[in-house]
Every structure is written in C-alpha cells, then in structure tokens.
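Given next are the chains, with one letter for each unit.
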Amino acid sequence: MLTVTDLSAGYGPVRALDGVSFTADRGRVTAVLGANGAGKTTLLRTISGLHRADRGSVELDGSRLDRVAAERMPALGLAHVPEGRGVITELTVEENLRLGGLGRAGRVDPADLERVYTLFPVLADRRAALAHVLSGGERQMLVIARALMARPTMLLLDEPSLGLAPRIVAQIFELLRGLVESESLSVLLVEQNARSALSIAHRGVVLNLGRVVADDDADVLAADDQLRHAYLGF
Amino acid sequence: MATALRRGRTWWAGSVLGRHLLVALLGLVVVVVVLESASDFRNLQLASMAYLGIAAGGLTVLTGLNGQISLGHGALMAIGAYTTALLLDDRDAGTPLPLVVLAAVAVTLLVGAVVGAAAARLHGPYLAGATLALAVAVPGIALYFKEQLGGEQGLRVVLPDIPTWVLDLAFFVTGQDLTRSRYVACLAWLTLIVTFVLLANLSRTRVGRRWRAVRDDEVAAELAGIRLGRARVSAFVVSAAAAGAAGAMMAITVRLAAPSGFTITLSLTLLTAVVLGGLGSLGGALLGAALLTFLPQVVTDLGVDAGLSDIQAAELAPLVYGLVMVVVVLVAPAGLVGTARTALLRRRLQRAGTGTSTSTSTDTAAPTSTSTTSKGTTT
Amino acid sequence: MQQLLNTALGGLTLGMVYAAFALALVLIWRSTRIVNFAQAPMAMVTTFVALVVVDAGHSYWLAFAAALVSGLLLGAVVERLVVRPVEGGPEINAVILTLGLFIVLHALAAVVFGNRYRSFPAPFGVRGLEVGGTTIALTGFGVFTVLAVLVTMGLLLALFRYTDVGLRMRASAFNPEVARLLGVRVGRMLTLGWALASLVGSLAGLLIAGGSLVHPAYMDSVVVYGFVAAVLGGLDSPIGAVVGGLLLGVALSFVSGYVGSQLVALAALVILMLVLTLRPGGLFAQAAARRV
C-alpha cells in the first residue's frame, strides 16, 4: 500500500503539488486524473525520488520513500515508467529488459526474462532487435515488461495511452488489469484520458492545480457529472 | 518615451556614439598621461597589454555577444602579425603605418570570413575543436613556406621612422622627446581605443542586438527573421578583424613575427582574459589583458622566492590562468566582472524594492524586443 | 611504389593511435556531451608518470602499467571533482572548463617534470622490419602499437556488449533519467566512463611517446587529430572513431610524406572543415542532417 501524506513540491516559486494526500491500495489500480498542469507528472516524479519534495511523506508498505534516491526505488519494490515511454532506443529489447532486472538485486534472473516473454510474446520475437525499431504500442509493452523485471509491488505509470491508437490502448489496459489480478500488483496510473483510465481503475484521485479535489471509487467518480465536466473533460 | 528621455539630455550624453566617444577621449587623456610618465620598459609592457586587450576585446564580442567560442584567435593574430612583417621588411618599405595596419586587418578579416563561413554552422565543442585545429595549423604554414615566412626564426619587423609631425606634436604636448617604445605604446593604445569604440558601438546597434538574439535563442531569432548563419559569420569576421589589428600591434611591439609567438597557449590565455572579464564586457577584456600582462612577473617572482627554478616559476602564470578559468566556470560562470555586476544590481534592486524588478531583465529582454522590430522590417 | 606502401603502413600505425585517442573522446562525449580537450594533457601527465617509474630503474612494463592505472585514476578524479558540476549545463562552460584544465595540467607538468624534451623508451625495436630483403616502414614497436590498440578495443567492446556494468554504462550515457529509475547509479557510471576513456587516452600517449621524445606539449596536436578522427566517425560512434582514426592517419601520413610534415595540422583542419560542411553527422551517418 502506497500512502502519500501532505506532499508538496514545486519548481522554484511555482507550487506544483500543494498538500496532496491519498492512498493506493495493494492489488488495485489507482488512477490519478486531472487536466494538463494539474500536477500529475510531478506527483509521480516526487514519489519516485526524481523530484525533491518540499514537505510531506511517502510510504510504501510501511517504509518511508521520501528522501530515498531514485536509483534505490527498484530495490524497494517501486517501479516508475515515465511519460513518453522511456525506452532506451539505442539498446536491444533484451538489453532494456535486462537493465530492468539489474535494478532489483544487481543481477538478472533468467526466470524473470522467461516470465515477461511469456506475458509479452511480441517482445520475445524481437528480443535481439534494437528498441528503436519498435512501434509505439510495442514500446509501451517493453517499458511495462522492463518494470516487471524488477518484480515491483507498486508500479507508477505515466500516461501510457499517450499517442497510441485506441485499440492498442485497450489492449495495454487489458494486460494491466490481468497483471493486477494475477500478480497482485498495485498500479498508480496517471492519465489525461480519464474515461479509459476509470474503466480499469478501482479508485480515482482527481488533481487540480496541485490539490486533491476528489478521491473516491472509480465508478462513483465516473458517475459524477459535475466532476466530469469540471475536471475530467468527458 | 525614448525620445522624451533623450530630449532631456545634451546630445553627446544622449546618443550612444557620443557617450562612447566621450569615454574614448577620457581614455586617450589617461593613456597619454600614463605612457608619458612610464619608463621604456613599462611602455613596452603597456603596449603588449594593449594588443592583448584588442584581441581579447574581439574575442569577448564573439563569445559574449554571439555565444561562439574561438581557440583560434592566436592564429588570427599570427596572420595580422605576418602581414605586418611582410609589409615592413626594411626601413625603406615606404608603406605608411596606418595602411600597414589596415592591410593586416583586411587580410585577417578575409581569413576570418573563410573560417567563419565554415564555422557558422558549428556550435560549442565543434567550434572549439575546429578553431583549435586552426591554432595548431597556422604556425605550420610559416614553417612550410620557409623562404617567404622565415621558418622557425620568423620575420623581423622594421619599424619605420617616426614621422616628424608626430615628433613635433609629442614634444608640444608633453615637453619630452618621443622614444620609440613610447611611440609604439601610443600606437597600440590608440588602436585599442579605436577598436573598442567601434566594437562598443557595433554591439549597441542592430547588428549587435542580432548577435545577442542568436546567442540567447536560435529558434526565436530565426523566427524573428534573423539569418543565423549571417549573424554568426559577421560576428566572427568582426572578431577576426580585431585579432588582425592586435597581431599588427604585436608585430610592431615585439618587432618579430615568429611561430613560437603564436602557440596554442596564446589562444587559450586570450580566452582566459575573456572568461575572467565576464563574457561580453569590453572593460572586462581589458582587465583580463592587464592581468595577462602584469600577472606573470608577479607570480614568477613569488615562485622564485618560494624556491622554484626560473623555468619552473615561469610556468606558474599559465597555471594561475588555468586555475582561474576552472574556478570561474565552477564558482562564477558569468565571469568576475559579470558576477560582480549582477550582485551589485541585485543589491540595488533589493534596496529599491521589488517594484523595479523589470530592470534586471533589460539585458535579456533586449534581444527579444529587437527580434520583433527586425521582424517588422524584414517582412 | 615502395614509398607509397611505406607511407600507407606508417599512416595505419599512426592511425591506430589516433583511433584510440578518438575513441577516448567519443566515450566521454557519448556519456556527458563534453569534448574533453584536456584529454591530451591528461595523457601527457600519465606518460610522465611512466617516465618517473622508468627513471627509478624499473622495467618498461611496470611503467606502462603505472601510466594506465594513473590514467584511470586521473579520469575518475577529474570527472568527480571538476567536471561533475558543469554536466548538463551550458556547453560553453564545459568547453571553457576542459580548456582551463588543459592549461593547468600543462603548467603543472612543466613545473613538476620540467619543460624540456626527454626521450621515452620503447619495449621493441623502432627500426623498420625486413621483409624479403627490403626494409619496410613497420617497426617492432609499430606492430606492438597496432596490437595494443586492437586488444584494448576488443576488451572495451566486450565490456560494453557483454557485461552488466557495460549495459549500465551504456544506459547512463543514452538516457540518464530512465537509467536512474531502473536503479543505475548514473554518477558512478559517468565516473567509470571518464576513467576508462582516460585510460585509453593514456595508452595513446604511451604509444605516441614510445621511442620518441616527450614534453608537456607533445600531445597537443594529437587532441586535434583525435577530435578530427572522432568527428569523421560521427563523434557518437566508437566504431566510427576507430575507422576515422585510421583514415585520418593514412591521409595525414600521405600529406607528411608527399607535401611536408609542417602542413599535417593544416590538412587535418581542411579535412575537418570538409566533413563538418559536407557530412556534419560524420562519414557514416545515415541521416545527414544533425546539429553540430
């Protein structure tokens, strides 16, 4: 379980997060929604240690994550897939995956590789290819698979639907739902595409200008017309 | 609003050129007084400070205003110096000195245009590497054309006789006979003042604002209708011309143009002067040149006192230059003068309260405002 | 005909050294986007370390090892203490910094080791080998040079291709932020990269010095040739740097043999300008358009 308490962060004088508190339950998908500039990406970057928090705390299953360096997160069970995919295009598919595995214990367990290749057969076919040649959907699968290589308990996903065709988005969300169910993985999903995010999320947190304006079950949020019009755009 | 402001002042303080000329005139008076009271040895030192200052001034315009870097200014000085030496090869050469200097500037300018055109597409490390190659390559040319350029020994420079009217004028102004060293120093400083007035003026005009616009934001500059390549080449050419003048003065001062005078170290120390002064400030460049001229002796003496041999102690000055470059980049990236100026400005602002905070951004805002105006004129 | 062959052979040997030096520049450029102009004096300093070891009566090989180790350490120290603060900053600052370091190391070497030419030993003969009664321009030391560079490149290739550390180093170079998120200590990898590059630079320095004279400035032109070679290869590609080094070595050898050794640097300048104007991405670039 990820617990965020009173988290504040900013860029110079600009406050991007202002006292954000919520919890993301184990084995659940929690969607973080909101318009551009609401603070969604900053939230993920602050949780994973890429951005320094000014105030507040982050706990994962009881251990404090704030003030922990980003490079130690994989060992603590947190994986962050950044916006814009984050595939290292100069490396091969398998090298990307191996890199993910190295983060946890410093070496790659061949069983992990086998597992993600079973989960993502597309990647198995192209393991020796440079990631550069993959399509957008394949890249998104690669980064999720790469994150899974570290056997995380908590997966942070930033805009996985960005720039993908609806069919591919549906496919990836389906995959995510399966993973959450079979591996009891927790997912914190940042999305601008609120409708599709709420379709797989159990819970939703809506941010506006760095503050939490709503925090409820996904179907409650989806049914709230006023909220949808004001913050979610559908 | 600008005209309203201007109307309140007299013409010479109001116009940029007038202000620069006034400063130049004051500078000239100071120079004459200082040179007149200095010994022959000091005069030669001051002459070398002047030629280093001219070259550093050219380089600071390039680096500070246009954001380009050149490690080739020592080589460009060599071109000016060799041109001067070729024109002043014996006492009866007959070419008047101003023409010789102009020729040196013209030849260097030409080379600068060729190098600048090739370098216009380069930035940062690529430009540094290319100009470093220039610095390494040029001395080799002098060695290869041994017959014409004197090889390792170099070419002697014969200073023509001082014109009678200059001697008379000097006697009339100072009441002393003009020695050759003092004559050389006067020439070098006169050249420096002329060069600096031209450079200062240029940087205030549309050309200078274009250079700054290119430095600050290439995309914005291009959108504003500024041709990046042309702006870069023109900055390089102007800078090279200054290096040519510096080379001519160096040749006259040292009375020799030889490959050993134009090592990589010269180019790099020029960069030190510029970095030290804060990129883009002519005053800073002059300060840097002063340090390049007078620091070695001080440091070398200290080194000898500390028990180093003469040869070892002679290396302390470059050591200090290098350390200064490293420290300035790490601690005060705007250069000493620039950092001091910013600190001063900030203090003044704090005293004035936050209401005037816009005045800090005048420097950075200038290019943007030019961008819009030049867009208006070109489209 | 024989002169042609000898010029080519000499060029290839020298080209190997330029290739090594270009490789050192490329390794650093790839990971930190900095052209380390101080690479030349760094290599020079380590050669002087070797000279000290030799002067103390030890064998060439001990001196060789000492130089490489000190190259490794010097690279790490320079990255960690001096270069780290300007990484990711304005590129002009990094350029000025490495040039400042260039002057500092030069002056320090002159103060500590003296400012005169000193001869440096070679472990193998520096006379041309005899093949079928004629002497060719390949010396015993030349063979060693070629082999040493090839072995080093092979080891580096193996390190980057087949080890976890190599994978982490490449990831740090290509995408530092993603590498961090995957648990890579990027700072350490950059330090290691600089250390390895500096070691390769030291090797080039030793190979240039062997059987010849050393002096605080003896590597200065090599940094220019190494840079030209690296740009020929595209500045981003280790393989390109090696090919560029060999091509440049041969080209300069011909200029030296048929025109005049004084114009070698000018030829390098002309080659550099041609490449940057016609193929800014290097000779082997697929996309010709790239900001240089």
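Looking at an unreviewed UniProt entry, one finds chain B named Branched-chain amino acid ABC transporter permease and attributed to Nocardioides oceani. Among the UniProt annotations of chain B, the heading Subcellular location (unreviewed entry) holds the following wording: "Cell membrane".

Chain A has the name ABC transporter ATP-binding protein in an unreviewed UniProt entry, where Nocardioides oceani is given as its organism. Quoted verbatim from the Sequence similarities (unreviewed entry) field of the UniProt record, the comment on chain A reads "Belongs to the ABC transporter superfamily."

What follows covers the overall build of chain A. Broken down by element type, chain A carries nine helices and ten strands. The C-alpha radius of gyration of chain A comes to 17 Å, within 12% of the 17 Å expected for a compact globule of 234 residues. Counting only C-alpha atoms, chain A reaches 50 × 40 × 30 Å along its principal axes. Across the 234 residues of chain A, 46% fall into the buried class. For chain A, restricting intrachain contacts to residue pairs at least 6 apart in sequence, the fraction spanning at least 24 positions comes to 68%.

What follows covers the interface of chain B and chain C. Counting residues at the interface gives 37 residues for chain B, matched by 41 residues for chain C. With 15 residues, the top contributor of residues to the side of chain B that touches chain C is helix H7 (residues 124-144) of chain B. A class-by-class count of the residues in the side of chain B that touches chain C yields 29 nonpolar, six polar and two charged.

All names here are of chain A. The antiparallel open sheet is built from four strands, whose spatial order is S2-S1-S4-S5. Two strands lie at the open edges of the sheet, namely strand S2 (14-24) and strand S5 (63-64), each paired on one side alone. Examined bridge by bridge, strand S1 (residues 2-11) and strand S4 (residues 55-60) share five bridges and lie antiparallel to one another. Pairing of Ser8 across the sheet is with Arg55, part of S4. Most of the contacts of helix H1 (residues 40-47) go to S2, to which it runs at about 70°, and overall it touches S1, S2 and S4.

Okay, the packing of helix H1 (residues 2-32) of chain C against helix H10 (residues 238-258) of chain C next. Residue and element names in this part refer to chain C. For the pair H1 and H10, interaxial distance at closest approach is 6 Å and the crossing angle is 140°. Looking at the two axes, H1 sits oblique to H10. The handedness of the crossing between H1 and H10 comes out as right-handed. Taken together, the residues that form the contact of H1 with H10 break down as 17 nonpolar, ten polar and no charged.

The interface is formed by 15 residues belonging to chain C together with 19 residues belonging to chain A. Of all the secondary structure elements, the ones that give two or more residues to the side of chain C that touches chain A are helix H6 (164-174) and helix H7 (176-181) of chain C. Top element by residues in the side of chain C that touches chain A is H6 of chain C. It accounts for six residues. Residues that form the side of chain C that touches chain A fall into these classes: seven nonpolar, two polar and six charged.

Once that is clear, we can look at the packing of helix H2 (residues 93-105) of chain A against helix H5 (residues 136-148) of chain A. Residue and element names in this part refer to chain A. In contact at an axis separation of 7 Å, H2 and H5 are set at 35° when each is read in the N-to-C sense. By crossing handedness, the relation of H2 to H5 is classed as right-handed. In this structure, H2 contributes Val93, Asn96, Leu97, Leu99 and Gly100 to the contact, and H5 contributes Leu142, Ala145, Arg146 and Ala147. Along the lines of polarity and charge, the residues of the contact of H2 with H5 split into six nonpolar, two polar and one charged.

The subject of this paragraph is the sheet that holds strand S9 (residues 203-208) of chain A. Residues and elements named next belong to chain A. One open sheet holds the six strands; their spatial order is S6-S7-S8-S3-S9-S10, and the pairing between them is mixed. Where the open sheet ends on each side, the last strands, each with one partner, are strand S6 (78-81) and strand S10 (211-217). Direction aside, the axes of adjacent strands within the sheet are offset by 15° on average. The pairing of S6 with strand S7 (residues 154-158) spans four bridges and is classified as parallel. Paired with His80 across the bridge in S7 is Leu156.

For this structure, the chain pair with the highest number of contacts among two pairs of chains in contact is chains B and C. One thing to see here is that chain A and chain B don't touch, and their nearest C-alpha atoms sit 15 Å from each other.

With that settled, consider the environment of Leu142 of chain A. All names here are of chain A. Considering the arrangement of structural elements, one finds Leu142 in helix H5. Separated by 98 residues in sequence, Leu142 and Leu44 have C-alpha atoms that sit 20 Å apart. Once residues lying within four places of it in the same chain are set aside, the contact partners of Leu142 are Val87, Val93, Asn96, Leu123, Ala131 and Leu134.

Another point: the pairing of S9 of chain A. Residue and element names in this part refer to chain A. The element S9 is largely enclosed, with a buried count of five among its six residues. Here six bridges tie S9 to S10, and the two strands are oriented antiparallel to one another. Considered in S10, the bridge of Asn208 is made with Arg211.

Turning our eyes to something else, we now look at unusual backbone geometry. Excluding glycine, most residues fall at negative phi; most peptide bonds, likewise, are trans. Residue and element names in this part refer to chain A. At Arg67, a residue that is not glycine, the phi angle is positive and equals roughly 70°. When you line up the elements, Arg67 lands in the loop between S5 and S6. Judged by the 10 C-beta atoms lying within 10 Å of it, Arg67 is exposed. Positive phi, close to 50°, is recorded for Leu209, a residue that is not glycine. Position of Leu209 among the secondary structure elements: in the loop between S9 and S10.

All names here are of chain B. Here chain B averages 80 in pLDDT, and 85% of its residues register 70 or above. Helix H19 (residues 362-378) is the least confidently modelled element of chain B, averaging 32 in pLDDT, while helix H5 (residues 73-87) averages 94, the highest of any element. Low confidence marks residues 1-9, where pLDDT is under 50. Its contacts with residues over four positions away, or in another chain, come to two contacts. This stretch, residues 354-379, has a pLDDT under 50; its non-local contacts, to residues over four places away or in other chains, come to 30 contacts.

Rules used throughout
Residues numbered from 1 in each chain as written. Chains lettered and ligands numbered in written order. Predicted model: local features only at pLDDT ≥ 70, side-chain atom pairs only at ≥ 80, totals over all residues. UniProt positions renumbered as here; feature names shortened; annotations may be inferred. Helix = DSSP H or I, 4+ residues; strand = E, 2+ residues; numbered from the N terminus. Rg over C-alpha atoms; globule rule 2.2 N^0.38 Å. Buried ≥ 20, exposed ≤ 12 C-beta atoms within 10 Å, placed from the backbone. Contact = placed C-beta atoms within 7 Å. Nonpolar A, V, L, I, M, F, W, Y, C, P; charged D, E, K, R; others polar. Pairing = 2+ DSSP bridges. Axes fitted to C-alpha atoms, helices over the stretch in contact; angles between N-to-C directions. Parallel < 35°, antiparallel > 145°, perpendicular 65-115°, else oblique. Left-handed = near helix turned anticlockwise from the far one by under 90°. pLDDT = per-residue confidence, 0-100.

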